Amino acid sequence: MDFRTIIRKGDVVAWPQGPGEPLGLTGRLVAQRHELPRAGIFIGLSASETLSPAHADSFTLRGLNGAGTNRRLTAANVLDIIPAHVSSIAALIAADKVPIDIALLRVRPHPTPGYFTVGVMCDYTQAMVKAARVVVAELDMRLPVTSQDALLPQSAIDILVDADGAEISMPDPLPSASDRSIANHVAGLIPDRATVQLGIGGLPAAVAAALVGHKDLGIHSGVISDAVADLIEKGVVTNACKGLDAGCTVTGGLFGTRRLFDFADGNPAIHMRALSHTHNVAVMAQVNRLHSVNSAIEIDLSGQVNAESAAGRYLGAVGGQADFVRGAQASEGGRSIIAMSAVTPDGKQSRIVTSLGRGPVTTARADVDTVVTEFGVAELRGASLTERKRKLIAIAHPDHRESLDRPAGETKSPAVAGVSR
């Protein structure tokens, strides 16, 4: 593939998130960068080694997420973050607020004549294809055959090449002891026959493991990992009581390994849906007992959530947190859960803080429902500011509770000097 034939100065190149990235095409794009006019690249969450800070010599990099391998880009301050709710991305692309000129995809022929499947990632993939001037796809028979919003007409593809890159694998991280403790609290809040939304990472994997004793759970999520396939195979997830999409696990992406891809291949119980379905509050309101589980970097004593940055570095994303927080609470019998460890990984700083300071507010305190740490559960929905402070301090790490309870502006005593803000 010679990108000199299709890229014009100022064009923006984009590809799907995570395992949807066509590594053969993106690798050649980077390798040819010095022969190309300066262009832009738009990315979501990345799990590859494709982009490095050095590539800012040829590309202007914009993205939605500071997690995964994007962290090295944000650490070097070469990735310009677009703070936007996931639910809005397709509309932003359609309105040219997030311009896309060249879309790079992975596809596989679908049994439906005249169609391909994009397999593992369909959240805003269709929006990219509709906006792009040129769509280039790798023909990759390793992709699972998935349907619904993963279907793409052959006529939408301008250039089709054989895949020659590796396949991205995203195994569930091994949960920490803290993750498992938090997960046990979260599992205790989720009743049988609830519908669950989980993200990816050690804590979501721990929550999935802690749900193994539950019955007739459903899944409505932006992405799923191998851990969800485990729950389906064990009979924990049946999707029998969801109301909407009964009998089907609904997701916009397969963020897993070959184990998940093979499980989803031709599986009629796995529905791949676009953002207009997965992240739509009106849709979630029709799902029975939706329980969303999301994480945070820090939460202040009024309940404001920062899920984006720490110590001046962009590590997370606006993502779909607010979408699912609101959607879960719109669902009859639903609940929104923000789960996180009470302290930073080094144990030195509290993640429950008196004020977010310069940190962004990802989810407003008026939207926050339930907060969970390894030290317990704080029910904030309907609670006053005074009640919120008391409840959040109660689930903070014991070493930091005294400093959190100190009146604003009071000087720290020598006995507690050096503790977290």
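Rules used throughout
Residues numbered from 1 in each chain as written. Predicted model: local features only at pLDDT ≥ 70, side-chain atom pairs only at ≥ 80, totals over all residues. Heavy atoms only, no water. Helix = DSSP H or I, 4+ residues; strand = E, 2+ residues; numbered from the N terminus. Buried < 20%, exposed > 50% of the residue type's maximum accessible area, 1.4 Å probe, protein only. Contact = heavy atoms within 4.5 Å. Polar contact = N/O pair within 3.5 Å; in protein donor to acceptor, adjacent residues only side chain to side chain. Axes fitted to C-alpha atoms, helices over the stretch in contact; angles between N-to-C directions. Parallel < 35°, antiparallel > 145°, perpendicular 65-115°, else oblique. Nonpolar A, V, L, I, M, F, W, Y, C, P; charged D, E, K, R; others polar. Salt bridge = Lys/Arg side-chain N within 4 Å of Asp/Glu carboxyl O. Pairing = 2+ DSSP bridges. Core = buried A, V, L, I, M, F, W, Y, C linked by side-chain atoms within 4.5 Å. pLDDT = per-residue confidence, 0-100. Arc of directions from axis to C-beta. Disulfide = S-S within 2.5 Å.

## Regarding the environment of serine 225
Phase 1 of the analysis: Take serine 225: it is sitting in the loop between β11 (218-219) and α7 (226-233).
Phase 2 of the analysis: Exposure remark for serine 225: the relative accessible area of 5% places this residue in the buried category.
Phase 3 of the analysis: Placed 53 residues apart in sequence, serine 225 and threonine 278 show a C-alpha to C-alpha distance of 16 Å.
Phase 4 of the analysis: Ignoring sequence-local partners within four residues, the contact set of serine 225 consists of Asp172, Ile200, Phe255 and Leu260.
Phase 5 of the analysis: Among the polar contacts listed, one links the side chain of serine 225 to the side chain of aspartate 172, at a separation of 2.8 Å.

## Some remarks on the packing of helix α12 (residues 385-394) against helix α13 (residues 398-405)
Think of two packed helices as two axes; the pair is described by the angle between the axes and how far apart they sit.
Phase 1 of the analysis: Axis separation between α12 and α13 bottoms out at 9 Å; the angle between their running directions is 155°. In terms of orientation, α12 and α13 fall into the roughly antiparallel class. Of the residues in α13, those in contact with Lys389, Ile393 and Ala394 of α12 are Arg401, Leu404 and Asp405.
Phase 2 of the analysis: Split into classes, the residues belonging to the contact of α12 with α13 amount to three nonpolar, no polar and three charged.

## A short note on the pattern of salt bridges
Phase 1 of the analysis: Applying the stated rule across the entire model yields 17 salt bridges.
Phase 2 of the analysis: Where aspartate 11 meets arginine 133, a salt bridge forms, and the shortest distance between an N and an O atom there is 2.8 Å. Here arginine 133 lies in the loop between α4 (125-131) and β7 (134-139) and aspartate 11 lies in the segment before β1 (12-14), a separation of 122 residues in the sequence.
Phase 3 of the analysis: Of the residues examined, arginine 133 reaches a relative accessible area of 31% and is grouped as partly exposed.

## Here's the deal with the pairing of strand β21 (residues 370-373)
Phase 1 of the analysis: Of the two faces of β21, both are covered, the one formed by Thr370 and Val372 as well as the one formed by Val371 and Thr373.
Phase 2 of the analysis: As judged from the three bridges shared by strand β19 (residues 335-339) and β21, these two strands associate in the parallel manner. Of the residues in β21, the one forming a bridge with isoleucine 337 is threonine 370.
Phase 3 of the analysis: Where β21 folds back on strand β22 (residues 376-379), the antiparallel hairpin that results is connected by two residues.

## So, the nonpolar core
Phase 1 of the analysis: Phe42, Val186 and Ile190 are the most contacted members of the largest nonpolar core, which has 72 residues in total.
Phase 2 of the analysis: If we skip the residues at most four places from it in the chain, phenylalanine 42 touches Val12, Val13, Ala14, Trp15, Arg62, Gly63, Leu64, Ile82, Val98, Ile100 and Tyr124.
Phase 3 of the analysis: Judged by nonpolar contacts, the second largest core, of 25 residues, contains Trp15, Ile41, Leu51 and Leu73.

## Describing the sheet that holds β11
Phase 1 of the analysis: In spatial order, the strands read β11-β10-β14-β19-β21-β22; together these six strands make up an open sheet with mixed pairing. Since the sheet does not close on itself, it has two edges, and those belong to β11 and β22, each with one partner.
Phase 2 of the analysis: Bridge count between β21 and β22: four bridges; the pairing is antiparallel. Each bridged residue has a counterpart across the sheet, and for valine 372 the counterpart in β22 is valine 377.
Phase 3 of the analysis: Where helix α11 (residues 321-330) meets the sheet, it contacts β10 (195-197), β14 (290-294) and β19, and its direction lies at approximately 155° from that of β14.

## Topic: the side chain of threonine 370
Phase 1 of the analysis: For threonine 370, the location among the structural elements is in strand β21.
Phase 2 of the analysis: Of note is the side chain of threonine 370, whose polar atom sits 3.1 Å from the side chain of arginine 335.
Phase 3 of the analysis: Of note is the side chain of threonine 370, whose polar atom sits 3.1 Å from the side chain of aspartate 369.
Phase 4 of the analysis: With near-sequence residues (within four places) excluded, threonine 370 lies in contact with Leu189, Arg335, Ser336, Ile337, Ile338, Val377, Ala378 and Glu379.

## What to know about the confidence of the model for the chain
Phase 1 of the analysis: Across the chain, the average pLDDT comes to 95, with 97% of residues at or above 70.
Phase 2 of the analysis: For the stretch residues 411-421, pLDDT sits under 50, and the model shows 20 contacts to residues farther than four places along the chain or on other chains.

## Considerations on the sheet that holds strand β15 (residues 298-300)
Strand pairing in a sheet takes place through backbone hydrogen bonds and is either antiparallel or parallel in direction.
Phase 1 of the analysis: Pairing is mixed across the open sheet formed by three strands, whose spatial order is β16-β15-β20. For this open sheet the edge positions go to β16 (305-306) and β20 (352-353), each flanked by a neighbour on one side alone.
Phase 2 of the analysis: In this sheet, β16 lies alongside β15 in antiparallel orientation, the contact comprising two bridges. By the bridge assignment, isoleucine 299 is partnered in β16 with valine 305.

## Section: α13
Owing to its 3.6 residues per turn, the α-helix aligns residues three or four sequence positions apart on the same side.
Phase 1 of the analysis: Three or more residues of α13 are buried, namely His400, Ser403 and Leu404. The arc that holds every buried residue of α13, seen down its axis, measures 100°, which confines them to one face.
Phase 2 of the analysis: Next to the buried residues of α13 lie β20 and α12.

## Brief notes about the environment of proline 37
Phase 1 of the analysis: Turning to its location among the elements, proline 37 is positioned in the loop between α1 (23-31) and β2 (39-43).
Phase 2 of the analysis: For the pair proline 37 and glutamate 167, spaced 130 residues apart in the sequence, the C-alpha separation amounts to 28 Å.

## Quick word on the state of the cysteines
Phase 1 of the analysis: Taken as a whole and judged by the stated rule, the model has zero disulfides.
Phase 2 of the analysis: Free cysteine: cysteine 122, not disulfide-bonded; nearest cysteine sulfur from cysteine 248 at 14 Å.
Phase 3 of the analysis: Note on cysteine 122: relative accessible area 0%, which makes it buried.
Phase 4 of the analysis: Residue cysteine 248 is classed as buried on the basis of its relative accessible area of 11%.

## What about the pairing of strand β5 (residues 102-109)?
Every regular strand shows the same layout, with side chains that alternate between the two sheet faces.
Phase 1 of the analysis: Most of β5 sits inside the fold, with seven of its eight residues counted as buried.
Phase 2 of the analysis: Taken together, the two bridges between β1 and β5 define a ladder with parallel strand orientation. Pairing of valine 13 across the sheet is with isoleucine 102, part of β5.
Phase 3 of the analysis: Pairing of β5 with β7, which is carried by six bridges, proceeds in the parallel orientation. Paired with valine 107 across the bridge in β7 is leucine 139.
Phase 4 of the analysis: Once β5 ends, the chain turns through five residues before running back antiparallel as strand β6 (residues 115-117), passing glycine 114 with a positive phi of about 85°.

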